[in-house]
Amino acid sequence: MELKIATSELSRALGRSQGIVEKKSTMPILSHVLLEARKDQLIVSATDLDLAVSSEHREGCEILKDGALAVSARHLYDIVRALPEQQVTLKKAHNNYLELKSGPSEFRIVGLPAEDFPALPRFEKVPFVDVEPQALLDMIERTFFAVSTDETRYNLNGVYFEPSAEALRLVATDGHRLSLVEKKVDATFGLKRGVILPKKGLQELRKLLAEAAESSDEKAETKLGFVENSAIVRRPGVVLSMRLIEGLFPDYRQVIPKAGEKVVKLGRGRLLETLRRISLLSSDKAHAVKLELGKGTLRVLSQNPDLGDAKEEVPVEYEGEPLKIGFNARYVIDVLGVLKSGDVLLELADDLSPGVLRGADEADQGYTAVVMPMRI
């Protein structure tokens, strides 16, 4: 294997693999990327056996000799980013060493035989659907933060992807809060029921969608498809595949309360800043704040025996009965961070029932967040 390639192009390819390769694995090969020189392109692949990405690179690439080699993803990426020239020459040497030359710099990196690299999944006849990158990215951003980090609740370690004839719905919950977003989409993606996309796969999908959304190439379509137990995303020159989480997602419809008796309208930015300030003196783990609701005003309080207490009043549109309720401030802040409306609607029933947050403007149509209350 021998080739010349633009340093920036190689850096982009290796950057894409960094979130996928396993840093601490019992299989050393999983911390490597596979470099394949074929005809007029370099193919760079990475996998952790559940998630795989493969990208083709022709720009500024000249193949002098076909071949393949697996090399440490982290070390190669660090070296390429530090190279002095705009072009680099890669050559496979004796005993699976990779030689890099760029201007006055020369490196020799220990590699592994390409045959040791795990076989990448190959999918035939995938029923792909065109997706609008910015729209899907927006839906993921609005649900991703509510994914559970508790490894024992594996069916909550991802976002539930539920297409129907009328709309696509994405839902995430960790048992303490729930985030749901719905958008009209004319596709069922060939799925008879919803599937769970894993957190790590979604992180890589976000990067790919952001890249697509920023691209000026209107013909560069982004496609999403499902086959067997995998989701596959395809853009020109890039394929990302992820194994779906097995298991049943809980019936989220039971968690969403019916319209609350007490509906409060208030400024999103003002509430966000108030919660950030007041939660500075809340207890470290629970981030607990108390909301005291009255006519035309909402008082936000926090108390910490070791630090002290804080309070602030926020003007609101509300004429109902008074109510005192506690929430984890961080959960509410996360929701306010993904809303786009100038005003938000907070629906409450009593001090033991969940709070429902929605944007008051059309920009947040189809979005609902549910936050469980805390005893304070």
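Residue numbering note: each chain is counted from 1, following its sequence as written. Local features in this predicted model are restricted to residues whose pLDDT is 70 or higher, and side-chain atom pairs enter the listing and the counts only when it is 80 or higher, whereas totals over whole chains, interfaces and linings include all residues. Calculated side-chain values reflect all of the structure's heavy atoms, with hydrogen atoms and water omitted.

Enquirer: Can you help me understand helix α3 (residues 133-144) in this one?
Expert: Given 3.6 residues per turn, any residue in an α-helix points the same way as the ones three and four places further on. Taking 1.5 Å of rise per residue, the twelve residues of α3 would be expected to cover 16 Å, and the 16 Å separating its terminal C-alpha atoms lies within 8% of that figure. Summary of the burial criterion: residues with accessible area below 20% of their type's maximum are buried, those above 50% are exposed, and those between are partly exposed, where the area comes from a 1.4 Å probe applied to protein chains only. Runs of H or I in DSSP of at least four residues are treated as helices and runs of E of at least two as strands, each being numbered from the N terminus. Most of α3 is tucked away, with nine of its twelve residues classed as buried. Listed in full, the buried residues belonging to α3 are Pro133, Ala135, Leu136, Leu137, Met139, Ile140, Arg142, Thr143 and Phe144. Here, expected helix span is obtained from the residue count minus one, scaled by 1.5 Å.

Enquirer: Can you walk me through the sheet that holds strand β13 (residues 177-184) in this structure?
Expert: Two modes of strand pairing occur in sheets, parallel and antiparallel, and in both the strands are linked by backbone hydrogen bonds. Strand order across the open sheet formed by eight strands is β14-β11-β12-β13-β25-β24-β23-β18, with antiparallel pairing between neighbours. Every interior strand has two partners, whereas the edge strands, β14 (195-198) and β18 (262-267), have only one. In this sheet, neighbouring strand axes are inclined to one another by 20 degrees on average, regardless of whether the strands run parallel or antiparallel. For two strands to be treated as a pair, DSSP must find no fewer than two bridges joining them. Looking at chain direction, strand β24 (residues 355-359) and strand β25 (residues 367-371) are connected through three bridges and run antiparallel. Within β25, the residue paired with Gly355 across the bridge is Val371. Sheet strands in contact with helix α5 (residues 268-278) are β18 and β23 (343-348), and its direction is about 90 degrees off that of β18. Comment: axis = line fitted to C-alpha atoms, over the contacting stretch for helices; angle = value between 0 and 180 degrees taken between N-to-C directions. Note on contacts: a residue pair qualifies if any of its non-hydrogen atoms lie within 4.5 Å across the two residues.

Enquirer: What should I look at first to understand the layout of surface pockets in this one?
Expert: Taking a probe equal in size to a water molecule and rolling it over the atoms shows the remaining empty space. Cavities and pockets were defined on a 1 Å grid built from protein atoms only: a cavity is a group of points that admits a 1.4 Å probe but offers it no way out, a pocket is an open group of points flanked by protein on both sides within 12 Å along at least five of seven lines, and a lining residue is one with an atom within 4 Å of any such point. Grid points are joined across faces, edges and corners, and a volume is the space filled by probe spheres set on the points. Here the largest pocket defines a volume of roughly 500 Å³. Lining of the largest pocket is provided by 23 residues; of these, Ser54, Glu56, Pro121, Arg122 and Val239 occupy positions nearest its centre. Those elements that provide at least two residues to the lining of the largest pocket are β2 (32-38), β3 (41-47), β4 (51-57), β16 (230-235) and β17 (238-243). Here the lining of the largest pocket gets four residues from one element, more than from any other, and that element is β4. Three classes are used: nonpolar for Ala, Val, Leu, Ile, Met, Phe, Trp, Tyr, Cys and Pro, charged for Asp, Glu, Lys and Arg, and polar for all others, with Gly counted as polar. For the lining of the largest pocket, a count of residues per class yields eleven nonpolar, five polar and seven charged.

Enquirer: When you look at the nonpolar core in this model, what are you seeing that I'm missing?
Expert: Nonpolar side chains tend to gather and get buried jointly when the protein is soluble and globular. We define a nonpolar core as any set of buried Ala, Val, Leu, Ile, Met, Phe, Trp, Tyr and Cys residues linked to one another through side-chain atoms lying within 4.5 Å. Leu35, Leu76, Leu100, Phe161 and Phe226 are the most contacted members of the largest nonpolar core, which totals 97 residues. For this core, the element with the highest residue contribution is helix α6 (residues 329-338), accounting for seven residues. Residues within four places of Phe226 in sequence aside, it is in contact with Val126, Pro127, Phe161, Phe189, Leu191, Val195, Leu197, Ala231 and Leu244. Counting eleven residues, the second largest nonpolar core, distinct from the first, contains Leu178, Ile245, Phe249 and Val356.

Enquirer: Any chance you could explain the sheet that holds strand β20 (residues 297-304) here in plain terms?
Expert: Taken in spatial order, the four strands line up as β21-β20-β19-β22 in an open sheet, and their pairing is antiparallel. Lying at the two open borders of the sheet, with one neighbouring strand each, are β21 (308-315) and β22 (323-328). The sheet shows a mean angle of 20 degrees between the axes of neighbouring strands, direction not considered. Of the strand pairs in this sheet, strand β19 (residues 288-294) and β22 are connected by six bridges, and their pairing is antiparallel. Bridge pairing links Val289 to Phe327 in β22. Packing of α5 onto the sheet brings it into contact with β19, β20 and β21, and relative to β21 it is tilted by some 170 degrees.

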